[in-house]
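Summary of structural features
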Amino acid sequence: MKAIYLLGLIPIIAILGGPFWANSITPYILGMPFFFFWNFSWLLLTSLVVFIIFKLDPANKEEGSEE
């Protein structure tokens, strides 16, 4: 397994482990309780992590244009 695929564990750990750390209602960020903001932000950050994995994966390098 390639080491860059281990980046995919970051969102999983953040989403599954976050409720234990971010379980608080009092701070509001963008009108949402912190717990909901945490989940929503990791929804967006997961897409960013997957994009980074895609760009770093050597299997996705272009060898030649087929257009």
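Please read these numbers as outputs of a predicted model, since none were measured by experiment.

This part is about the packing of aromatic side chains. Counted by the stated rule, this structure contains three aromatic pairs. Following the ring pairs from residue to residue traces out a cluster consisting of Phe34, Trp38 and Trp42.

Relative to the helices and strands, Asp57 resides in the segment after helix H2 (34-56). Given a relative accessible area of 7%, Asp57 falls into the buried group. A distance of 2.8 Å separates polar atoms of two side chains, one belonging to Asp57 and the other to Tyr5. Look past the residues within four positions of Asp57 in its chain and what remains in contact with it is Lys2, Ile4 and Tyr5.

What counts and how
- Residues numbered from 1 in each chain as written.
- Predicted model: local features only at pLDDT ≥ 70, side-chain atom pairs only at ≥ 80, totals over all residues.
- Heavy atoms only, no water.
- Phe/Tyr/Trp six-rings, centres within 6.5 Å; stacked < 30°, edge-to-face > 60°.
- Helix = DSSP H or I, 4+ residues; strand = E, 2+ residues; numbered from the N terminus.
- Buried < 20%, exposed > 50% of the residue type's maximum accessible area, 1.4 Å probe, protein only.
- Polar contact = N/O pair within 3.5 Å; in protein donor to acceptor, adjacent residues only side chain to side chain.
- Contact = heavy atoms within 4.5 Å.

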